[in-house]
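# Fold and geometry: a report
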Amino acid sequence: MDIRFNEVNFAYQANTPFETRALHDVNFAIPSGKYTAIIGHTGSGKSTILQHLNALLKPTTGTVELGERIVDAQTSNKDLKPLRKKVGIVFQFPEAQLFEETVQKDIAFGPKNFGVSEEDANQIAKETLKIVGLPEDVLQKSPFDLSGGQMRRVAIAGVLAMQPEVLVLDEPTAGLDPKGRKEMMEMFSSLQKEQRITIVLVTHQMNDVSDYADHVIVIESGNVVKEGSPKEVFSDASWLLEKQLGVPTTLSFVEKLKEKGWSTDKMPLTLDELANAILEEREVNE
């Protein structure tokens, strides 16, 4: 499902003395089946954009196209339930939203709320649990008896159980250790590649952007200031630092190598690309 923002403006408490503009004439497209990252420093407008992706917020002016559905300021809330099944959002620390007495009931809650029978919803819960890498024997356990990482996987399974076409991730690895972060990001990457689900990642982790994203949108002060592939967006390290975004670790390492005399016309973003660039340079010089 393609997503397109067309001249979107949004103001909190619009038409009141307390009006605050958060988005200003925002235009961009999120291609179906791709892995898109939205980045920007704190307060840039990322969270406001995120909430437009399944119409938790509606534009003050302009339109958001979500597949064939067009959402604007006049769109009725009562017509949005089918849309919210298609676009699932994993908010930061999603484990805080767990509430049922068993893992199975928590994962099955969403499908049952959309009319799926209890038997089918329980089967969906079992299948979704495998996707997030948890054993079937946790189904009858209380989610609150699990580890923090397992609780997060259960919460994510609850979103995936709705079988969304688009999965929106708001800082999904916040609070996890490096091993947990890596496992979580690999899980989302596999999901995107195997099921061709559209993923939208909102993050401060530039390494995750360089390692996984196909498409990057940079937000500053409620505006889109840059858009393109990771290589295009990360091509100017000084510009990124100016925007308080930082650079992927690999690019920082390359800059240090250049200071020591290493010469390359490549811009490796991942560890594999960096290793290959170093090997190629070594072969040339031997």
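Look up: the structure comes first, before these words.
Residues numbered from 1 in each chain as written. Predicted model: local features only at pLDDT ≥ 70, side-chain atom pairs only at ≥ 80, totals over all residues. Heavy atoms only, no water.

## Details of the overall build of the protein chain
Scanning the protein chain from terminus to terminus reveals 11 helices and 10 strands. C-alpha extents for the protein chain along the principal axes are approximately 65 × 55 × 30 Å. By residue count, 47% of the 286 residues in the protein chain fall in the buried class. For the protein chain, the proportion of contacts with a sequence separation of at least 24, taken over those separated by at least 6, is 63%. As displayed, the protein chain has an accessible area near 14,400 Å², and 48% of this comes from carbon and sulfur atoms. (Helix = DSSP H or I, 4+ residues; strand = E, 2+ residues; numbered from the N terminus. Buried < 20%, exposed > 50% of the residue type's maximum accessible area, 1.4 Å probe, protein only. Contact = heavy atoms within 4.5 Å. Areas by Shrake-Rupley, 256 points an atom, 1.4 Å probe, with all protein chains shown as cover.)

## Considerations on the environment of glycine 62
Counting through the fold element by element, glycine 62 comes out in strand 4 (residues 61–66). Since its relative accessible area comes to 26%, glycine 62 is described here as partly exposed. Between the C-alpha atoms of glycine 62 and proline 17, which are 45 residues apart in sequence, the distance is 22 Å. Apart from residues lying up to four places away in sequence, glycine 62 is in contact with Asn6, Glu7, Val8, Val71 and Asp72.

## Thoughts on the packing of aromatic side chains
Remark: the centre distance and the inter-plane angle together describe each pair of aromatic rings, the angle taken between the planes. Scanning all chains against the criterion turns up four aromatic pairs. Centre to centre, the rings of tyrosine 35 and tyrosine 212 are 6.4 Å apart; their planes meet at 20 degrees, and the pair counts as stacked. With tyrosine 35 in strand 3 (residues 35–39) and tyrosine 212 in helix 7 (residues 206–212), this residue pair connects regions lying 177 residues apart in the sequence. For the pair tyrosine 35 and tyrosine 212, a shared accessibility class is recorded, and that class is buried. Both rings, one in phenylalanine 99 and one in phenylalanine 109, keep their centres 5.1 Å apart while their planes meet at 90 degrees; by these two values the pair is edge-to-face. (Phe/Tyr/Trp six-rings, centres within 6.5 Å; stacked < 30°, edge-to-face > 60°.)

## Remarks on the pairing of strand 4
As paired strands, strand 1 (residues 3–12) and strand 4 are joined by five bridges and run antiparallel to one another. Across the sheet, asparagine 9 pairs through a bridge with threonine 61, a residue of strand 4. The sheet contact formed by strand 4 and strand 5 (residues 69–71) spans three bridges and is antiparallel. Within the sheet, the bridge partner assigned to valine 64 lies in strand 5 and is valine 71. Here strand 4 folds back onto strand 5 in antiparallel fashion, the turn holding two residues, of which glycine 67 has a positive phi close to 65 degrees. (Pairing = 2+ DSSP bridges.)

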